[in-house]
Amino acid sequence: MERAALAAALAGAFPDAAVDPAGQHLEIRVPRAAFRGVMERLHADPAFALDYPMSMTAVDWPDLKAITCVYHLYSMAHGHALVVKCDADRADPRVPTVSDLWLGCEWFEREVFDLFGVAFEDHPDLRRIMLTDDWVGYPLRKDYKDSRIAGKPY
Amino acid sequence: MALSPVQQAAGVVAAAPGGQFVLLNVEALFNWSRANSLFPLTFGLSCCAIEFMAAGMSRHDMARFGAEVARATPRQADLMIVAGTVTEKMAPIVRTLYDQMPDPKYVISMGACATAGGPFYFDNYSVLKGVDQVVPVDVYVPGCPPRPEALIYGIMKLQQKIMREHPLLGARLAARAAAEAAAAAQPGAAPKAGA
């Protein structure tokens, strides 16, 4: 689907999601309550057919008291890409898993859990994936402190 | 403590006329054979491994220095070239590989990451600041990554270091200590002979 047409279709399908066409990829910001339903529709609806999760990460916003989960999705059938963003509460970040829709997201979500501490609800195997099992803390949070980290001398 | 066969032999030879001269030449033979047949462990952690591979290929040809037989198991290797970034999670595995290598064994720290953490030194939670925190390092090769010439120069430096070793020194000292202890244990023994 063309970018403008995709933006219009998204705005029509998800009235409570904010569509942002300014970035490199088309982007929708979804409230946490509607997140799971939006992802199911994006995966199953043949008009969107977003069958390939290119990437998934998160962003820590200490000032906004939020951790934003960012999903890059791609459609092999249509050749369009979409970024889905969903805010979680920084004090107790919980987001529904999408690893049952896109199997590749299982390890992405483990990585985000490992580095940001986002608990993905109903994830089948939510363990640390990169760091050691006994690691304390979530290193990509902006307030992470660790005796191993050498600060810059300048 | 019972002496090993090598220690007994070193003691017998050292006590014989001209034995020290013979032992020094035997040690030189040991050193020569060890220095010129280093078997590196096939072991790369990041981009330095590419230069390590290039050093083994025909253009640079590490075989000229006897170090081309990269073994796929630490049991057959006597040189560990730590080629790349050692993370906190990798460190215990590196140590295990080192422990599995038979003596005598040597370590070359290749590149800035293995030597001191390199570009990952500051503001980093996951990279070990130097592989010398987990294994003893013989030669540090600087560079990011070092060129194959630099690695080969590191191997030549290690060869020079090996040629200065005294592999039988421990056996000779143990044999002498055992002989002195036996002499002291005998009643009415003569005063201890000079070294």
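Computed from a predicted model, the values in this text were never measured in an experiment.

J.: Residue-level account of the overall build of chain A, with values.
T.: Helix and strand counts for chain A stand at three helices and seven strands. When the helices and strands of chain A are placed in sequence order, the string is α-β-β-α-β-β-β-β-α-β. In terms of C-alpha radius of gyration, chain A reaches 17 Å, essentially the compact-globule figure of 15 Å for 154 residues. Across its three principal directions, the C-alpha atoms of chain A cover 50 × 35 × 25 Å. Out of the 154 residues in chain A, the part that is buried amounts to 44%. Of the roughly 8,000 Å² that chain A leaves accessible, carbon and sulfur atoms contribute 56%.

J.: Residues and numbers for the packing of helix α3 (residues 48-56) of chain B against helix α6 (residues 148-163) of chain B, please.
T.: All names here are of chain B. Where α3 meets α6, the axes come as close as 8 Å, and the angle between the chain directions of the two elements is 75 degrees. When the axis of α3 is compared with that of α6, the two are roughly perpendicular. Every residue of α6 that contacts α3 at E51, F52, A54 and A55 is listed here: P148, L151 and I152. Here the residues of the contact of α3 with α6 are counted per class, giving six nonpolar, no polar and one charged.

J.: Please set out the sheet that holds strand β3 (residues 139-141) of chain B residue by residue, giving values where relevant.
T.: Residues and elements named next belong to chain B. The strand order across the open sheet built from three strands is β1-β2-β3, with neighbouring strands paired in parallel fashion. Whereas interior strands pair on both sides, the edge strands pair on one side only; in this sheet they are β1 (79-83) and β3. Across this sheet, the average inter-strand angle for adjacent strands is 20 degrees, counted without regard to direction. Two strands pair when backbone bridges link them, and strand β2 (residues 106-110) and β3 are joined in this way by three bridges, in the parallel orientation. The partner of S109 across the bridge, within β3, is Y140. On the sheet, α6 packs against β1, β2 and β3 and is oriented at approximately 150 degrees with respect to β2.

J.: An account of the pairing of strand β2 (residues 26-30) of chain A is requested, with residue identities and associated values reported.
T.: All names here are of chain A. For β2, the tally of buried residues reaches four of five residues, placing the bulk of the element in the interior. The pairing of strand β1 (residues 18-20) with β2 spans three bridges and is antiparallel. Within β2, the position partnered with V19 by the bridge is I28. Two successive antiparallel strands, β1 and β2, enclose a turn made up of five residues.

J.: How would you explain a nonpolar patch on the surface if you had to name every residue and give the values?
T.: Residue and element names in this part refer to chain B. On the surface, L29, F30, W32 and M163 cluster together into a nonpolar patch covering about 420 Å² of accessible area. With three residues, helix α2 (residues 19-35) is the largest single contributor of residues to the nonpolar patch. Relative to the helices and strands, L29 is located in helix α2.

J.: Which residues make up the side chain of A:S99, and what values go with them?
T.: Residue and element names in this part refer to chain A. Structurally, S99 is set in the loop between β6 (94-96) and α3 (105-116). Classification of S99 as buried rests on a relative accessible area of 5%. Aside from chain neighbours lying at most four places away, what touches S99 is C105, E106, E109, H123 and P124.

J.: Quick rundown of the pairing of strand β4 (residues 66-74) of chain A? Include the residues and the values.
T.: Residues and elements named next belong to chain A. Summarising burial for β4: seven of the nine residues are buried, a large majority. Relative to β4, strand β3 (residues 52-61) runs antiparallel, the two being bridged by nine bridges. In the sheet register, S55 faces β4, and the bridge partner there is H72. Between β3 and β4, which pair antiparallel in sequence order, lie four residues; one of them, K65, sits at a positive phi of approximately 55 degrees. Direction of pairing for β4 relative to strand β5 (residues 81-89): antiparallel, over a ladder of nine bridges. In the sheet register, Y74 faces β5, and the bridge partner there is A81.

J.: Please give an account of the interface of chain A and chain B that cites residues and values.
T.: Each partner contributes to the interface: chain A provides 16 residues, whereas chain B provides eight residues. Roughly 1,000 Å² is buried in total at the junction of chain A and chain B, and carbon and sulfur atoms are behind 64% of that figure. Taken together, the links from chain A to chain B amount to one salt bridge. Here A:R148 and B:E88 are joined by a salt bridge, their closest N and O atoms 3.7 Å apart.

J.: Explain the nonpolar core to me, and be specific about the residues and the numbers.
T.: All names here are of chain A. Counting residues in hydrophobic clusters, the biggest one holds 39 residues, and the most contacted among them are L10, I28, F35, M39, L42, Y71 and V84. Taken together, the elements giving at least two residues each to this core come down to α1 (3-13), β2, α2 (32-44), β3, β4, β5 and α3. It is α2 that contributes the most residues to this core, five residues altogether. Excluding residues within four positions of it along the chain, L42 makes contact with L10, F14, I28, F48, A49, L50, L73, L82 and V84.

J.: Hey, could you go over the sheet that holds β5(A) for me, with residue numbers and the actual values?
T.: All names here are of chain A. The five strands are arranged β1-β2-β5-β4-β3 in an open sheet whose pairing can be described as mixed. The open sheet is flanked by β1 and β3, the only strands paired with a single partner. With direction set aside, neighbouring strand axes in the sheet form an average angle of 20 degrees. Packing of α1 onto the sheet brings it into contact with β1, β2 and β5, and relative to β2 it is tilted by some 15 degrees. Across the sheet, α2 touches β2, β4 and β5, and the angle it forms with β5 is around 155 degrees.

Analysis parameters
- Residues numbered from 1 in each chain as written.
- Chains lettered and ligands numbered in written order.
- Predicted model: local features only at pLDDT ≥ 70, side-chain atom pairs only at ≥ 80, totals over all residues.
- Heavy atoms only, no water.
- Helix = DSSP H or I, 4+ residues; strand = E, 2+ residues; numbered from the N terminus.
- Rg over C-alpha atoms; globule rule 2.2 N^0.38 Å.
- Buried < 20%, exposed > 50% of the residue type's maximum accessible area, 1.4 Å probe, protein only.
- Areas by Shrake-Rupley, 256 points an atom, 1.4 Å probe, with all protein chains shown as cover.
- Axes fitted to C-alpha atoms, helices over the stretch in contact; angles between N-to-C directions.
- Parallel < 35°, antiparallel > 145°, perpendicular 65-115°, else oblique.
- Contact = heavy atoms within 4.5 Å.
- Nonpolar A, V, L, I, M, F, W, Y, C, P; charged D, E, K, R; others polar.
- Pairing = 2+ DSSP bridges.
- Patch = residues over 30% accessible without salt bridge, like charges linked within 9 Å, V, L, I, M, F, W, Y side chains within 5 Å.
- Salt bridge = Lys/Arg side-chain N within 4 Å of Asp/Glu carboxyl O.
- Buried area = accessible area lost by both parts, 1.4 Å probe.
- Core = buried A, V, L, I, M, F, W, Y, C linked by side-chain atoms within 4.5 Å.

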